[in-house]
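Here are the chains, one letter per residue:
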Amino acid sequence: VYGGRILQAASALVASPCAKVSSHACLVLVSFCRGGNGKENCGVSVKKDYLVAYLQDVLMSLASGPLSLDISDPVKVSAGAVTVLVRAISAVACLADTAGEDFAPFYSNIMPGLLGCTQFGLQIDANGVRAASAGSAIGHDFATLRGSAIESATIVGEAVDNESMFVPDAEKIVGIILPTLKAAETGADAVSTIIPIDQLLAASARIACVMGERYAQFMPAVLPHLIKRVREEAEISVVDGDDSGLEATKQDGAEFDEERGTESVTFALPGVGLRKLILNTTQMQEKSQACRAIYAHASALGAAFGPFAAECIDALLPLVTFKYSSDVRSTSAQALGPVFDSACAGALAGSAARDLPMRALQSSTKALVQQLQVEDKDDDETVFALADALSEVLYSAYNHVNELDGKHIAQLSVDEARVTVKQVIDIMKSCLERRTSIIRTIGGYDGVVPNEDESAQLYEQLMAEGRNLTPLVDSIGYTLKSLGEAFVPVFKSVVAPFFSPLLTASGTIDVRARFAAVCLFDDCVEHCGSAAASRYAPYLAEAVVEGMDDTKNEGDEDLKAASIYGVAQIARHAPNSVFDGSINDVMGQLSTIIKSAEGKPKDDIEDLRIVENAVSALASLALFDGAPYAKTNATKMSQRQSLLPTFLSYLPLREDPDKAKICHEGLCDLIESGAIDVSSNSAQLINIIGGILQYVEEGEEIATPGTCARLGA
């Protein structure tokens, strides 16, 4: 409601001749974009629609105000003026970050000034880069200005998302970064008057995100600085404590000294007395920043990062169990995901050692699971980071397959899988027990109903536990898919005994526990072979009938989608008789889901993913050749022929590439077998086939090359 008025007021004040007013107005813009206090992001960024309409006016005010500062002669620039300019540059970065591609029209006017500021007061020649002479009092301010400018320039470049626009300027920035990093090798003092190293490394990561594989040529110059920060031994000291420090620790917890960049706690050690533990928190932050930069570089470069993956994995793994900082544990774990993915892609491409993915999979999985077992369960962010990293590593192992022999580039052995899955289930068991306790408290099962504030807090805890549960389920799923039939003994001895009782509401009050169980049984039926499908499909059948029923799934869309997916897997892989006792319910529920969207354009269907899943499941049950109910009257939907118009009306499918491939291949079978009358459906088929081929041409993997060839014949 007040966004426009705030921006208009701030825009007017930014151009104020009073430096203090202008400076605070710039902070208002930063705060508005970040949703925070002007210094830290509170995590609720403003929608860009609130900003874009006022963007031109705000930028014009910045250009005519603080950005118009004449910095041609460093000697004549005051520290106060530099401070205002730095805040204005930060405001530009936040505006660009929020506006995204809508910032592109202003790029050509903004970027030259930012590039000029990155070199302000520097001398760059064949001998390297160095700061021009300036008073010691203002030398730090000049370094801050250059750092802010290089940071802002790369944020702007990444935001506009236009390679042809930013890459030429990115190369100019790299021309500053590389010699500055080289100067840093001579000692901290040499670089402190040029550009802060943390801003250089963060800028490098953003440039990598834009340049992609083309950035690989710069990695040998950048990576050593990241690795050095990651490997630095933690600066920790223990000194004598005192009573005042002990009292402060008891009352407020750790003491923070922002000036020294330290955190300390005082404690009583039996037989020794009072001791004070001091941590260098600045160093911890630098470690975390380096891990984030490695994450960004690996994500951007993909297989081109392969040659650097081994060194990064060796450096990151010890930090996963780093006991002094949860942020370091989180960021190092998250960085392992894309670095391991690069190792897999690089091994397949020949740019990384062939045995690296296998070694890294074993060591990474072991470290992540062991840390999850001991991590503070109240630290939701760290628990999720570790669980998500485990899921990402196992997904990459499953996803990278050698086309020559069809084998995964990295894979846990059955024994390793058994140990890992058992450990993960133990972690999940604790998570589900906490969720059950919270659900019981919310529901007043013990006779005490929480008030509104207490309920809100409990729901937050419940959501956090549910968020942590998802990657743990995925980790088991990727392990199962990777091993296929070889996983059956593990499923029988470890997975099924724990999850079978959780398949239906009779076994748990937690709908997310049911979702987890259905997902894993879906995977078993699909990937573990016909014998496993025959054994476990009957358990799954009961669960999916209940999971599709809106009166029994508590409105959980994920459970509903997983249940529909389960129907399709049972139809494709299990004995035909599995649904004999419930086929009317199954077909009726699928038809109800599909009919709820009839007559609506796909863009207007809120739950399109679920509707397309239902179409796929229905076709697998009663339409495709070999479908268990393709030639019976066991349902209320009469003949197979009556299903064809419904099936065709939703093609092409696009929400789930795997299901789309199956259904589009099934379409070919129906056409070639004569089940679809081509002459009477010619116009519709032309639209469907044209759509499938167009989307595939645009990069959507909704049909295999073989299917495309059949459709185009």
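Here, residues in each chain are numbered from 1, in the same order as that chain's written sequence. Predicted model: local features are reported for residues with pLDDT of at least 70 only, side-chain atom pairs are reported and counted for 80 or more only, and whole-chain, interface and lining totals are derived from all residues. To obtain the side-chain values, all non-hydrogen atoms of the structure were included, while hydrogens and water were left out.

S.K.: Describe the overall build of the protein chain, and please don't skip the residues or the numbers.
M.R.: Here a helix means four or more residues in a row that DSSP labels H or I, a strand means two or more in a row labelled E, and each is numbered from the N terminus. Scanning the protein chain for helices and strands turns up 28 helices and six strands. For 713 residues, the compact-globule estimate of 2.2 N^0.38 gives 27 Å, and the protein chain sits close to it at 30 Å. Projected onto its principal axes, the C-alpha coordinates of the protein chain cover approximately 90 × 75 × 55 Å. Looking at the protein chain as a whole, 50% of its 713 residues qualify as buried. For this measure, only C-alpha atoms enter the radius of gyration; the expected value for a globule follows 2.2 Å times N^0.38, where N is the number of residues. Only protein chains enter the calculation, and the probe is 1.4 Å; a residue is then buried if its accessible area is under 20% of its type maximum, exposed if over 50%, and partly exposed in between.

S.K.: Could you give me a rundown of the nonpolar core, with the residues and numbers involved?
M.R.: Working definition of a nonpolar core: buried Ala, Val, Leu, Ile, Met, Phe, Trp, Tyr and Cys residues. They are joined through side-chain atoms within 4.5 Å. Residues Leu62, Phe103, Phe499, Leu621 and Phe647 are the most contacted members of the largest nonpolar core, which totals 224 residues. Contacts between residues were defined by any pair of non-hydrogen atoms, one from each residue, lying within 4.5 Å. For phenylalanine 103, the contacting residues outside a window of four places in its chain are Leu55, Leu59, Val92, Leu95, Ala96, Ile110, Val156 and Val160. Membership of the second largest hydrophobic core comes to five residues, among which are Ile438, Ile439, Ile442 and Leu462.

S.K.: Could you give an account of the pattern of salt bridges, naming the residues involved and the relevant values?
M.R.: Each salt bridge in this description consists of a side-chain nitrogen of Lys or Arg and a carboxyl oxygen of Asp or Glu lying within 4 Å of one another. Tallied over the full model, the rule gives 23 salt bridges. Here the residues in one salt-bridge network are Arg512, Asp556, Asp558 and Arg609, joined through shared partners.

S.K.: Tell me what's going on with the environment of asparagine 109, and back it up with residues and numbers.
M.R.: Take asparagine 109: it is sitting in helix 5 (residues 107–118). Considered as a pair, asparagine 109 and leucine 670 are 561 residues apart in the sequence and their alpha carbons are 58 Å apart.

S.K.: Give me the lowdown on the packing of helix 3 (residues 49–64) against helix 4 (residues 79–99), citing residues and values where you can.
M.R.: Comment: axis = line fitted to C-alpha atoms, over the contacting stretch for helices; angle = value between 0 and 180 degrees taken between N-to-C directions. Between helix 3 and helix 4, the shortest axis-to-axis distance is 11 Å and the interhelical angle comes to 160°. If you check the angle between helix 3 and helix 4, you find them roughly antiparallel. Crossing angle aside, the handedness with which helix 3 passes helix 4 is left-handed. Here Leu51, Leu55, Val58, Leu59 and Leu62 of helix 3 come into contact with helix 4, specifically with Ala88, Ala91, Val92, Leu95, Thr98 and Ala99. For the contact of helix 3 with helix 4, the class distribution of residues is ten nonpolar, one polar and no charged. By the definition adopted for this analysis, an angle is roughly parallel if under 35 degrees, roughly antiparallel if over 145, roughly perpendicular if from 65 to 115, and oblique otherwise. When the near helix sits turned anticlockwise from the far one by under a right angle, the crossing is termed left-handed; a clockwise turn instead gives a right-handed crossing. By the convention adopted, Pro, Cys, Tyr, Trp, Phe, Met, Ile, Leu, Val and Ala count as nonpolar, Lys, Arg, Asp and Glu as charged, and the other residues, Gly among them, as polar.

S.K.: Pulling in residues and values, what's your account of the packing of helix 2 (residues 19–34) against helix 4?
M.R.: Between helix 2 and helix 4, the shortest axis-to-axis distance is 9 Å and the interhelical angle comes to 25°. As the angle between them shows, helix 2 and helix 4 are arranged roughly parallel. Between helix 2 and helix 4 lies a crossing whose hand is left-handed. For the pair helix 2 and helix 4, contact is made by Ala19, Ser22, Ser23, Cys26, Leu27, Leu29, Val30, Cys33 and Arg34 and by Val84, Arg87, Ala88, Ser90, Ala91, Cys94, Leu95 and Thr98, respectively.

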